[in-house]
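# Structural overview for review
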Amino acid sequence: MKPIISSIEIENRVIVAKYQRLMVGAKVVLVEKASGRQLPETATRVASPVPVGAVRIRLPEAIEPGTYFLKAFNGHGEDAARSADFEIG
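Rules and cut-offs
Residues numbered from 1 in each chain as written. Predicted model: local features only at pLDDT ≥ 70, side-chain atom pairs only at ≥ 80, totals over all residues. Heavy atoms only, no water. Helix = DSSP H or I, 4+ residues; strand = E, 2+ residues; numbered from the N terminus. Rg over C-alpha atoms; globule rule 2.2 N^0.38 Å. Buried < 20%, exposed > 50% of the residue type's maximum accessible area, 1.4 Å probe, protein only. Contact = heavy atoms within 4.5 Å. Areas by Shrake-Rupley, 256 points an atom, 1.4 Å probe, with all protein chains shown as cover. Salt bridge = Lys/Arg side-chain N within 4 Å of Asp/Glu carboxyl O. Phe/Tyr/Trp six-rings, centres within 6.5 Å; stacked < 30°, edge-to-face > 60°. Lys NZ or Arg CZ within 6 Å of the ring centre and 35° of its normal. Pairing = 2+ DSSP bridges. Axes fitted to C-alpha atoms, helices over the stretch in contact; angles between N-to-C directions.

The next subject is the overall build of the protein chain. Per the secondary structure count, the protein chain includes zero helices and eight strands. Its helices and strands in sequence order give the protein chain the pattern β-β-β-β-β-β-β-β, from N to C terminus. Compactness check: the protein chain gives a C-alpha radius of gyration of 12 Å against a globular reference of 12 Å for 89 residues, within 12% of the reference. The C-alpha extent of the protein chain, read off along each of the three principal axes, is 30 × 25 × 20 Å. When burial is assessed residue by residue, the protein chain has 33% of its 89 residues classed as buried. Pairs at least 24 apart in sequence give 52% of the contacts found in the protein chain among residues at least 6 apart. Surface exposure of the protein chain reaches about 5,400 Å², of which carbon and sulfur atoms provide 52%.

The following block contains the structure:
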């Protein structure tokens, strides 16, 4: 079964993303939809050995309002999952 990022919540400039079937070591990064640019300062890794959980990403002040999505890469750097688009205001 394919890994998924199932839900996104944003509160006080912190993104909480729930995932399923992402393995320990997977990297999750915020991507600006319009440009496709990955924002490396937002990258985080899945630390839990359990393949179900959540990651937290604190948004730097430099992040501008717009449409974004989260992209996950497996331990080999290959695409693993992509979230639905969401707005940062």
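For the structure shown, the criterion picks out five salt bridges. The closest approach of N and O atoms between Glu32 and Arg37, which form a salt bridge, is 3.8 Å. Looking at Arg37, the relative accessible area reads 47%, which means it is partly exposed. A salt bridge links Asp85 to Arg82; the shortest N-O distance between them is 3.2 Å. Overlapping salt bridges bring together Lys33, Arg82 and Asp85 as one network.

As a further point, take the packing of aromatic side chains. Aromatic ring pairs: the centre-centre distance and the angle between the two ring planes describe each pair. Summed over the entire model, instances satisfying the criterion amount to zero aromatic pairs. Directly above the ring of Phe69 sits Arg82, whose terminal nitrogen or CZ lies 3.6 Å from the centroid.

Another point: the sheet that holds strand 2 (residues 14-20). Note: strands within a sheet are paired through backbone hydrogen bonds, in either parallel or antiparallel orientation. Taken together, the three strands give an open sheet; going across it, the order is 1-2-5, and neighbouring strands pair in antiparallel fashion. Both outer strands of the open sheet, strand 1 (4-11) and strand 5 (52-58), are each paired with one neighbouring strand and no more. In this sheet, adjacent strand axes meet at a mean angle of 20 degrees when their direction is disregarded.

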